[in-house]
Each structure stands twice: as structure tokens, then as C-alpha cells.
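Listed here are the chains, written in short residue letters.
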Amino acid sequence: MPSMTSAATDEPIANFIGGEWLAATGTDSLPVKDPSTDEVLHRVPLSSSADVDRAVRAAREAFPAWRETPAVERARVLFRLKALLERHIDDLAENMTREHGKIVAESKGEVRRGIENVEHACGIPTLMMGTTLEDVASGIDCESIRQPLGVFAGITPYNFPVMIPLWFWPYAVATGNTFVLKPSEQDPLTHQRIAQLASDAGLPPGVLNVVHGDRTAADAIVDHPDIVGISFVGSSDIARTVYARAAASGKRVQALGGAKNHMVVFPDADYDRASETVLSSIFGSTGQRCLAGSVVVSIDEAYEPMRERVLAGAADLTLGHGLDPDTDMGPVISERHAARIRRFIDRGVQEGAKLLLDGRDASVPSYPKGHWAGPTVFDNVEPTMAVGGEEIFGPVVSLTRAASLEQALDIIHANRYGNATSIFTTSGKTAREFRYRAGISMIGVNIGVVAPMAFFPFGGSRGSFYGDLKAQGHDAIEFFTDKRVVISTWR
Ligand code: NAD
């Protein structure tokens, strides 16, 4: 029997298709490991295109009845799901920490952010309303209504395995569509439980389907003729490919990519508060966040005080298992990713940046097999160096100096990405100028990780985002519905 998740087993976990837990037909599978211990928690199947097709068929069959279900009733299912998520928040967070590694407070914060999206989608009866105007011409009325489109799909990354799928599927189903989710193959277990909770909440069979796998399953989704739209989140090169390939077959696409986020500190900032925020932006979730701060751009005399504080704070962090209350920073997702981070640090040294704190040899004696990457601080970084310009996605910070706001903006604009940025200053004028000219989609003023709440759009610009409608907020309603206009007269 395929298993949903709970007990550790050698058998791959199941796909969730048409309301049933079904074994994938693909024969390959990968281990899902606790990154602190390297222990295999479960195996994840690498589903074939036939598995994807089966899920899409289930979603297509479920669509007509779900679409006809009144919006208030669809919302009630989500209200019940919200209650179940609240009831299980602690065990979902622990589960996530085991498979992802982030500390349990971060996991709980993530589940909370996911729940907020479910809460927002509960407002669908008003969110989905259209508009009308009587007498657009004499005796003629015009109304615009929103209608669902059919089967949507989501392909999501490993770093927020609960929240990111919840940026999409609650809105898709609230608006009357059905959905196929392919979670990350690296940590698919917690969302597996959420699919079961959605079913327990009364979501009818086939409305939400989960297909596990890697690129093969993702490609089958991208190319499937019966999928009308795709929400993708992952690294930029793949986001761009998915955007182009899915759009070529006529799909709607929102593809969120990678990031390199700059945090600009002015000499008039409160250095203690700025460095506290900057440190948690850099090292929270072990740097595996698309909103992670990774370059601190200090203006003139802000450089030395910020360097001193960032270095002291970084050196003080305790690595460990995310369930241990003394841990400040958990492991990274895999040994492969830890090795990639080490290679970036090697490149930084080769390119002439000064290594003030070296995380390459990090270890935790009680977890000798963990995938550790220690806090790393580079001084005198140039934007042209790999550590100054590329996404590392680990606990590595680059310190850079700029002479003015102008020069800081030049550094930001020269970078390929445009996800998030922050400024630390006590000058409203400087902050306004920064906000006006940064050209970045998520901007923090004296705030580090600028994560828009569920009722605001989430997504970047330039190489961090391909598409136009972002995740969450009203953009989600726009993305998952078509606006149709009816013009009528009764003479
Ligand atoms: P990834 O790009 O390796 O994988 C993301 C998803 O794409 C996974 O489900 C994976 O199985 C699938 N995939 C892999 N190859 C594919 C292909 N060729 N075609 C289609 N799908 C494919 O990303 P990751 O390592 O899981 O996540 C980290 C990345 O995600 C970072 O770059 C991070 O910045 C980014 N991210 C961005 C945001 C955002 O809001 N912009 C949020 C979270 C993460």
C-alpha cells in the first residue's frame, strides 16, 4: 500500500489524485532526508508523465461540479481548512523542520503565513465580484463577471514547502478552478499532510491533486494541453524556461525566480537596530530565502560600524538541529547544496574578497552527518565578484561600500535580479528617493525581510520574475479568473 506520510518507510509516498492516495507508476524514487541527521525520512516517487496526465484528468473531471458549487460553499471548505491548519500548526511545523531543517519557530511562522493565504481566500464571495454599469448606451447594461478557467498547476521550491503552495492553490480552488500541485521533491512530506487536511475539510475529490516528482513531472505539467495556467516558483533560469515554454502552449504563467537582495545602510541609521534586522535577514532560514539579505551596502562611514556588528552577530550564531531550542541556525537542505555554498566561498576568496568569517568547515558534534554551512562574512566585495552578484542561497553575506545613494542604486541596478531590497535611514527624504528609484518590487524601509502579507502581491521584477500577475493579493484573483463582459438590452 502506498503511504501518505506518517511512519518512516522504504516505500515511496503516494500521489493524491481524485481524492485517493495512489502509487506513482514511475519506478524511480529519491530519499527525503532530515538535513540535520541525514536520516532517510521517506522516499518520494519520481512520477511519470502518465501520472501527471492521470492527475490532470481527475482535475478536469472535478471542474464542472466544483465550478457550480456556490462561492460561499467553496469558502466554507477553506474556513474548515483554516481551522484544521490552526489545530495542527505545531505538528506541521515540527514535520517541516525535520524535512527542511529550518528552526521550528521559522517553520511555525511559515505555516502561519500559509494560513493567512487560506484566510484571505475565504473572502472569495466578495473578492470575486464583478462590476456593472447600467445604461452604457440608452437601455443597454454592461456587466463584467469573473469566471474560473479549468485546471491550474503549481510547481514549487523546497525553501517554503508549506507557504508557497498556499500562495496559489487556495485561490485557484476558491475561484472555482481545480489544481495539480507538484511540490519540491526535496521536502514534500508536510504538504502531503495539508492535502489530507484539505480533503478532511471537505474539498471534493479531484479539486486538489498532488503529483510528486522532479523535472520529468514538471515538464509534463508545463506541456500538458489541458492545463490552462501555471504558477512556478524556483531558480531564475528554470523560471524563465517554464515561462517561455508554458506560454508557448497558450497557458497563463506566473514564474517567480531567484534573488540577490541588497540592504543599504546610511550613516544616519540606528546601527544597532539596523544590524539586528540585517543579521536576521541574512541568516534566517540559513539564508535559504528569496527575501534573504545577501549584500550589505553601507554608505561611507556606516561601513565600519556595520561590519563590526554584522561580524560579531554572525560569529555568535549557534548551529544545530531546528528542533533544539538553543539553535539559532539550522542546516541547509542537502550536502549537495552545502558543497555549492562552499564553492561560492572558494570563489570569493579567489576573486579577492576578504574572508572575515569562514563557514566552510562548520560542524555540529552531536549531528556529525548534518548538512552544515556556517555563517560567512566577506569584506570588500565588488558587485562583479560571484559572491557580490550571484544568488548563493546560503548563510553568506557580502559587505560592500558605496559613496552615495546614487552609487548604491547603481549597484542594485547592475544586478540581474530585482526581488527585494531594504534601506536603513532616519531620513524620510532619502527613503522616498530610494523607494522611487530602486526599481525593485519589494522594498523595506528600516525593515529587513519584506514579505508582503497575503492580501498584498508577492513577487519580484527583472530576473526575479517572469509574468505580470504576482502571487497572493488581488493578483491571485486576477490570475485564476477570466473577466468576461456581458452587454444586454431587454426592449
Ligand atoms: P529549483 O528551481 O531547483 O526547483 C523548483 C521547482 O522546479 C521544483 O519543484 C523542481 O522539481 C522543479 N524543476 C526542476 N527542474 C525543472 C525544469 N527544468 N522545469 C520545470 N521545473 C523544474 O529551486 P529550489 O532549489 O527548489 O528553490 C530555490 C530557488 O527558488 C531559489 O533560486 C530561490 O530564490 C527561489 N525562490 C524564489 C521565490 C520568489 O518568491 N521569487 C520564493 C522561494 C524560492
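The paragraphs below set out a description of the structure included in this document. (Residues numbered from 1 in each chain as written. Predicted model: local features only at pLDDT ≥ 70, side-chain atom pairs only at ≥ 80, totals over all residues. Heavy atoms only, no water.)

**Some points on the overall build of the protein**
Next, step 1: On a plain count of helices and strands, the protein comes out with 17 helices and 22 strands.
Next, step 2: Computed over its C-alpha atoms, the radius of gyration of the protein comes to 23 Å, within 12% of the 23 Å expected for a compact globule of 491 residues.
Next, step 3: Dimensions along the principal axes, computed over C-alpha positions, put the protein at roughly 75 × 65 × 40 Å.
Next, step 4: A buried classification covers 58% of the 491 residues belonging to the protein.
Next, step 5: Pairs at least 24 apart in sequence give 73% of the contacts found in the protein among residues at least 6 apart.
Next, step 6: Approximately 19,600 Å² of the protein is accessible, and the part contributed by carbon and sulfur atoms is 51%.
Next, step 7: Here the protein contributes 48 positively and 61 negatively charged side chains, and the mean placements of these two sets differ by 4 Å. (Helix = DSSP H or I, 4+ residues; strand = E, 2+ residues; numbered from the N terminus. Rg over C-alpha atoms; globule rule 2.2 N^0.38 Å. Buried < 20%, exposed > 50% of the residue type's maximum accessible area, 1.4 Å probe, protein only. Contact = heavy atoms within 4.5 Å. Areas by Shrake-Rupley, 256 points an atom, 1.4 Å probe, with all protein chains shown as cover. Lys, Arg positive; Asp, Glu negative; His and termini not counted. Charge placed at Lys NZ, Arg CZ, Asp CG, Glu CD.)

**Re the pairing of strand 12 (residues 261-265)**
Next, step 1: With five of five residues buried, strand 12 lies mostly within the body of the structure.
Next, step 2: Here strand 12 shows two buried faces, one formed by Asn261, Met263 and Val265 and the other by His262 and Val264.
Next, step 3: Where strand 12 lies against strand 13 (residues 293-299), five bridges are found, and the strand directions are parallel. Residue pairing in the sheet places His262 in a bridge with Val295 of strand 13.
Next, step 4: For strand 12 and strand 18 (residues 420-424), the ladder comprises four bridges, and the chain directions are parallel. (Pairing = 2+ DSSP bridges.)

**Details of the site of the ligand**
Next, step 1: Around the ligand, 28 residues are found, and the nearest of them are Thr156, Glu185, Ser235, Gly257 and Glu391.
Next, step 2: Between Tyr158 and the ligand, the recorded distance is 3.1 Å, taken from a backbone N or O atom to an oxygen atom.
Next, step 3: One of the side-chain nitrogen or oxygen atoms of Ser235 is found 2.6 Å away from an oxygen atom of the ligand.
Next, step 4: Elements supplying a minimum of two residues to the shell around the ligand: helix 9 (215-223), strand 10 (227-233) and helix 10 (236-248).
Next, step 5: Considering only residue class, the shell around the ligand consists of 15 nonpolar, eight polar and five charged. (Near = heavy atom within 4 Å. Polar contact = N/O pair within 3.5 Å; in protein donor to acceptor, adjacent residues only side chain to side chain. Nonpolar A, V, L, I, M, F, W, Y, C, P; charged D, E, K, R; others polar.)

**Some words on the layout of surface pockets**
Next, step 1: The calculated volume of the second largest pocket comes to roughly 420 Å³.
Next, step 2: What lines the second largest pocket is a set of 17 residues, among which Arg113, Phe160, Arg289, Val449 and Ala451 lie closest to the centre.
Next, step 3: Contributions of two or more residues to the lining of the second largest pocket are made by helix 4 (104-121) and helix 6 (163-166).
Next, step 4: In terms of residues, the lining of the second largest pocket owes the most to one element, helix 4, which gives four residues.
Next, step 5: For the lining of the second largest pocket, the residue count by class is nine nonpolar, four polar and four charged.
Next, step 6: Two domains each provide a minimum of three residues to the lining of the second largest pocket, namely domain 1 (15-257 + 464-488) and domain 2 (262-445). (1 Å grid on protein atoms, 1.4 Å probe; cavity = no way out; pocket = protein on both sides within 12 Å on 5 of 7 lines; lining within 4 Å. Points joined across faces, edges and corners; volume = space filled by probe spheres on them. Domains from an automatic or database assignment.)

**Observations concerning the packing of aromatic side chains**
Next, step 1: All told, the structure shown has nine aromatic pairs when counted by the stated rule.
Next, step 2: Look at Phe16 and Trp21: their rings are 4.6 Å apart centre to centre, the planes differ by 40°, and that puts the pair in the tilted class.
Next, step 3: Accessibility expressed as a relative area gives 5% for Phe16, which makes it buried.
Next, step 4: Where Phe479 meets Phe480, the ring centres are 5.1 Å apart and the plane angle is 85°; that geometry is what we call edge-to-face. There is no split in this pair, since Phe479 and Phe480 are both buried.
Next, step 5: The side chain of Lys102 reaches across the aromatic face of Phe160, ending 3.9 Å from its centre.
Next, step 6: Against the face of Phe465 rests Lys470, its NZ or CZ located 5.3 Å from the ring centre. (Phe/Tyr/Trp six-rings, centres within 6.5 Å; stacked < 30°, edge-to-face > 60°. Lys NZ or Arg CZ within 6 Å of the ring centre and 35° of its normal.)

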